[in-house]
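If you want the building blocks of each chain, they are given just below.
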Amino acid sequence: MERINFFRLYAKERFGRRVQKIPVALPFTCPNIDGTKSRGGCIYCYRGSRPAHLSTGVSLREQIEAGIRRGIERYGKRTRFFVYFQSYTNTYGDKEYLERLYNTVLDYEEVVGLDVGTRPDCAPDWVLGLMASYKERGLEVWIEYGLQSANFETLKRINRAHGVSDLVDATLRAKAYGLKVCIHTIVGLPGESRDDFLETAKLVSALGADGIKIHPIYVMRNTALARLLEKGRFKTLNLEEYARYAADMLELIPESTVVHRLTAEAERDKLLSPDYCVYERKLEVIRAIEEELKRRGRKQGARSHLGIEGTGRDFKKLV
């Protein structure tokens, strides 16, 4: 029994074959790094969340072609791919530059999708229109918004430099353009409790997001969050705690929502805490969440209804 609607399951049903994401890193920056909104970035930011094996000094074509080779060698020639613009804010540029980058993916018949990570305050209509144009060229298009928390005080505390309303606005506009929306969330941010995690899940559900990413907060060396950790003003979640909270959130997320991520994979030599946020323990973390749902006899979406539906009251009698 599948208890979680993972991206691999969605993609297999959608395309009839194995589909892998190819993460790529380009020399983007961010409005709360370059001074447009703030400086220093989010308190946990380390190299814009760029995977260790990626370099912005490698051309986009080389990154895509290397990803295709690895995927085919591991999963076979029928494998298809999404190109995932991952690091920093991948809509933070002018139209000509973005179009030139995105157009690159059209040159590869193995690529069936475009996946762009960004901030909700960096998605003007012209960006959404540009991304939607790739649907007309045969690609499935996702936009991934970093929210992290539905608590505005938390967003200020972590120096996100945008609000919850930005996420609501950006999501509704993206869906009006026919784009699929994935929302990033983080469990265990400074000052937050289970109630905050659940409220974030409820917001994702209420917005009708097509996808979600959930991962624990992790602390990298030489970040503002590292200084809080070292001073004893913050601590991360252990694996049991994280699995429990992630399961709580998944129960509130509709079963049709695609789960793109459930953990984080940091560079081991730069990671301070927790020790399970490394590639080698990825499956262990996912299994812990699945086992927690199994222990409860639950699955994703078990408690996803908001409002009065499911409360036992007859709505028709109230209107």
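The shown structure was predicted, so the numbers you read here are calculated from the model rather than taken from an experiment. (Residues numbered from 1 in each chain as written. Predicted model: local features only at pLDDT ≥ 70, side-chain atom pairs only at ≥ 80, totals over all residues. Heavy atoms only, no water.)

**Student:** Any chance you could explain the overall build of the protein chain here in plain terms?
**Tutor:** Counting its secondary structure elements, the protein chain contains 10 helices and 9 strands. Over its C-alpha trace the protein chain gives a radius of gyration of 19 Å, about what one expects of a compact globule, namely 20 Å for 319 residues. Each of the three principal axes of the protein chain carries a C-alpha extent, and together these read 55 × 50 × 40 Å. Taking all contacts inside the protein chain whose residues are at least 6 apart in sequence as the whole, residues at least 24 apart take part in 81%. Here the protein chain displays about 15,100 Å² of accessible surface, and carbon together with sulfur accounts for 46% of that area. Taken together, the 53 basic and 43 acidic charged side chains of the protein chain have centroids lying 2 Å from each other. (Helix = DSSP H or I, 4+ residues; strand = E, 2+ residues; numbered from the N terminus. Rg over C-alpha atoms; globule rule 2.2 N^0.38 Å. Contact = heavy atoms within 4.5 Å. Areas by Shrake-Rupley, 256 points an atom, 1.4 Å probe, with all protein chains shown as cover. Lys, Arg positive; Asp, Glu negative; His and termini not counted. Charge placed at Lys NZ, Arg CZ, Asp CG, Glu CD.)

**Student:** Would you mind going over the nonpolar core with me for this structure?
**Tutor:** Where a protein is soluble and globular, its nonpolar side chains tend to be buried together. Judged by nonpolar contacts, the single largest core of 87 residues is most densely connected at F85 and Y102. In terms of residue count, helix 9 (residues 239-252) provides more of this core than any other element does, 9 residues in total. Residue contacts for Y102: discarding those within four places in its chain leaves F85, N90, T91, L114, V116, L130, M131 and Y134. Within the second largest apolar cluster, 10 residues are counted, among which are F7, F15, V19 and V112. (Core = buried A, V, L, I, M, F, W, Y, C linked by side-chain atoms within 4.5 Å. Buried < 20%, exposed > 50% of the residue type's maximum accessible area, 1.4 Å probe, protein only.)

**Student:** Looking at this structure, how should I read the confidence of the model for the protein chain?
**Tutor:** Predicted coordinates in areas of low pLDDT are best not read in detail. In the predicted model, the protein chain carries a mean pLDDT of 92, and the fraction of residues at 70 or more is 92%. For residues 307-319, every residue scores under 50 in pLDDT, and the model assigns this stretch 4 contacts once sequence neighbours within four places are set aside. (pLDDT = per-residue confidence, 0-100.)

**Student:** Help me out: how do you make sense of the packing of aromatic side chains in this one?
**Tutor:** For any pair of aromatic rings, the description consists of the separation of the ring centres together with the inter-plane angle of the planes. Applying the stated rule across the entire model yields 9 aromatic pairs. With centroids separated by 5.6 Å and ring planes inclined at 90°, the aromatic side chains of F7 and F82 adopt a geometry described as edge-to-face. In this pair, F7 sits in helix 1 (residues 7-15) while F82 sits in strand 2 (residues 80-85), placing the two residues 75 residues apart along the sequence. By relative accessible area, which is 8% here, F7 ends up buried. Note on F82: relative accessible area 0%, which makes it buried. Consider the rings of Y242 and Y276, whose centres lie 6.4 Å apart with planes at 20°: the pair is stacked. Taken together, the residues span a long stretch of sequence, with Y242 in helix 9 and Y276 in the loop between strand 9 (271-273) and helix 10 (282-296) at a distance of 34 residues. What makes Y242 buried here is its relative accessible area of 0%. We classify Y276 as buried; its relative accessible area is 2%. These aromatic residues form a ring-pair network of at least three members: F7, Y10, F15, F82 and W142. The ring of F15 has R14 sitting right over it, with the charged end atom 4.5 Å from the ring centre. (Phe/Tyr/Trp six-rings, centres within 6.5 Å; stacked < 30°, edge-to-face > 60°. Lys NZ or Arg CZ within 6 Å of the ring centre and 35° of its normal.)

**Student:** Would you explain the pattern of salt bridges in this entry?
**Tutor:** When the charged atoms of two side chains lie near each other, side chains of opposite charge can form a pair. Counting across every chain of the model gives 26 salt bridges. Residues D121 and K37 are paired through a salt bridge, measuring 2.6 Å at the closest nitrogen-oxygen approach. Note that D121 is positioned in the loop between strand 3 (111-118) and helix 4 (125-133) and K37 in the loop between strand 1 (19-24) and helix 2 (60-75), a separation of 84 residues in sequence. Classification of D121 as partly exposed rests on a relative accessible area of 21%. A cluster of three or more residues bridged by salt bridges with shared partners is formed by R194, D248, E251, E292, R295, R296, R298 and R303. (Salt bridge = Lys/Arg side-chain N within 4 Å of Asp/Glu carboxyl O.)

**Student:** Sorry if this is basic, but what is going on with the pairing of strand 2 here?
**Tutor:** In summary, the side chains of a regular strand alternate between the two faces of the sheet. Most of strand 2 is tucked away, with 6 of its 6 residues classed as buried. Across the two faces of strand 2 the burial is the same, with R80, F82 and Y84 and F81, V83 and F85 all buried. Taken together, the 6 bridges between strand 1 and strand 2 define a ladder with parallel strand orientation. Bridge assignment links K21 to a residue of strand 2, and that residue is F82. (Pairing = 2+ DSSP bridges.)

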